Amino acid sequence: MKKLTLLAALAISATAVPAIAKNPMVGGAAMYPTKTIVENAVNSKDHTTLVAAVKAAGLVQTLSGPGPFTVFAPTNAAFAKLPTGTVDTLVKPENKGTLTSILTYHVVAGRMTSADIAKAIKAGHGKAVLTTVQGEPLTASMMGSKLMLTDAKGGMSTVTIANVMQSNGVIHVVDTVLMP
């Protein structure tokens with residue numbers, strides 16, 4: 001009887017794991033759907049540059065608000081692709097407007113999962129034009145099975161981790177900083 005109880009407990013545990021692991025780990029940290037975009041982002045070791053930039057731009061309160069928001073979150077490695085000194089220059093108080101413009105270009109109003117974006121791409125015959133909070137368009141497309149974003153300057157970014165659900169939206173991790 002004990003053996004059967006143990007097997008039943010293991011079976012219950014195994015079926016519960018997918019529900020717990022539904023949200024991916026980002027930057028070595030668990031992302032909780034009950035926390036806001038900012039509350040989760042500060043725990044990701046891959047997004048320390050983004051968090052510092054959000055703070056410098058004064059966007060913490062906005063991205064902690066009810067939203068919902070879809071955020072295409074560049075990693076530290078994405079910021080490192082920018083020319084040397086760019087990030088240091090952008091976080092200076094005198095460049096707050098430019099920094100805010102770049103960061104809000106990574107945000108779309110509403111909660112768009114990768115399935116929602118894929119549906120929009122299909123409806124757009126291979127491309128979906130998303131309007132960013134910054135006001136300029138961002139183009140989504142598929143390259144094989146990868147979700148790609150093309151910015152206003154023609155730069156491309158790949159979604160590397162999709163559908164990180166938050167209490168006030170969704171984060172999609174991207175490998176390149178998008179430029180308006």
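Parameters and conventions
- Residues numbered from 1 in each chain as written.
- Predicted model: local features only at pLDDT ≥ 70, side-chain atom pairs only at ≥ 80, totals over all residues.
- Heavy atoms only, no water.
- pLDDT = per-residue confidence, 0-100.
- Contact = heavy atoms within 4.5 Å.
- Core = buried A, V, L, I, M, F, W, Y, C linked by side-chain atoms within 4.5 Å.
- Buried < 20%, exposed > 50% of the residue type's maximum accessible area, 1.4 Å probe, protein only.
- Helix = DSSP H or I, 4+ residues; strand = E, 2+ residues; numbered from the N terminus.
- Pairing = 2+ DSSP bridges.
- Axes fitted to C-alpha atoms, helices over the stretch in contact; angles between N-to-C directions.
- Polar contact = N/O pair within 3.5 Å; in protein donor to acceptor, adjacent residues only side chain to side chain.
- Parallel < 35°, antiparallel > 145°, perpendicular 65-115°, else oblique.
- Left-handed = near helix turned anticlockwise from the far one by under 90°.
- Nonpolar A, V, L, I, M, F, W, Y, C, P; charged D, E, K, R; others polar.

A. Expanded view of the confidence of the model for the protein chain. When pLDDT is averaged along the protein chain, the result is 88, and 88% of the positions lie at 70 or above. This stretch, residues 1-21, has a pLDDT under 50; its non-local contacts, to residues over four places away or in other chains, come to zero contacts.

B. Expanded view of the nonpolar core. Counting residues in each nonpolar core, the largest one holds 27 residues, and the members touching the most others are Leu63, Val71, Leu103, Ile171 and Val177. Those elements that place two or more of their residues in this core are α2 (37-41), α3 (48-57), β3 (69-74), α5 (76-80), α7 (96-104) and β9 (169-174). Dropping the residues within four chain positions of it, Val177 is found in contact with Pro74, Ala78, Phe79, Leu82, Ile102, His106 and Asp151. Counting 15 residues, the second largest nonpolar core, distinct from the first, contains Ile121, Leu138, Val159 and Leu178.

C. Main features of the side chain of Thr36. Structurally, Thr36 can be placed in the loop between β2 (29-30) and α2. Overall, Thr36 belongs to the buried group, its relative accessible area being 11%. The contact partners of Thr36, leaving out residues within four places of it in the chain, are Leu63, Ser64, Gln166, Ser167 and Asn168.

D. Representation of the sheet that holds strand β7 (residues 146-150). Spatial strand order, β4-β3-β9-β8-β7-β6-β5: seven strands in an open sheet with mixed pairing. Edge strands, defined here as strands with exactly one partner in the open sheet, are β4 (107-109) and β5 (128-131). Across this sheet, the average inter-strand angle for adjacent strands is 30°, counted without regard to direction. Here β3 runs beside β4; their pairing, made up of three bridges, is antiparallel. Residue pairing in the sheet places Thr70 in a bridge with Val108 of β4. Taken strand by strand, helix α8 (residues 114-123) contacts β3, β5, β6 (137-143), β7, β8 (156-166) and β9, and its axis lies near 90° from that of β6.

E. Seen up close, the side chain of Asn168. Counting through the fold element by element, Asn168 comes out in the loop between β8 and β9. A polar atom in the side chain of Asn168 sits 2.8 Å from the backbone oxygen of Gly65. Setting aside residues up to four positions removed in sequence, Asn168 forms contacts with Thr36, Ile37, Leu63, Ser64, Gly65, Pro66, Gly67, Pro68, Phe69 and Arg111.

F. Quick peek at the environment of Val159. When you line up the elements, Val159 lands in strand β8. Val159 sits 13 residues away from Lys146 along the chain, and the two C-alpha atoms are 7.0 Å apart. Those residues within four positions of Val159 in sequence are excluded, and the remaining contacts are Leu147, Leu149, His172, Val173 and Val174.

G. Expanded view of the packing of α3 against α7. Running from amino to carboxyl end, α3 crosses α7 at an angle of 125°, the nearest separation of the two axes being 9 Å. Accordingly, the angle class assigned to the pair α3 and α7 is oblique. α3 and α7 meet at a crossing whose hand is left-handed. Between α3, through Leu50, Ala53, Val54, Ala56 and Ala57, and α7, the contact on the second element is made entirely by Lys96, Leu99, Thr100 and Leu103. Residue classes in the contact of α3 with α7 are distributed as seven nonpolar, one polar and one charged.

H. A look at the pairing of β9. Of all six residues in β9, six are buried, a share of seventy percent or more. For β3 and β9, the ladder comprises six bridges, and the chain directions are parallel. Paired with Thr70 across the strands is Val170, a residue of β9. Here β8 pairs with β9 via five bridges, running antiparallel. Opposite Ile161, over in β9, you have Val173 as the bridge partner. The turn linking β8 back onto β9 is made up of two residues.

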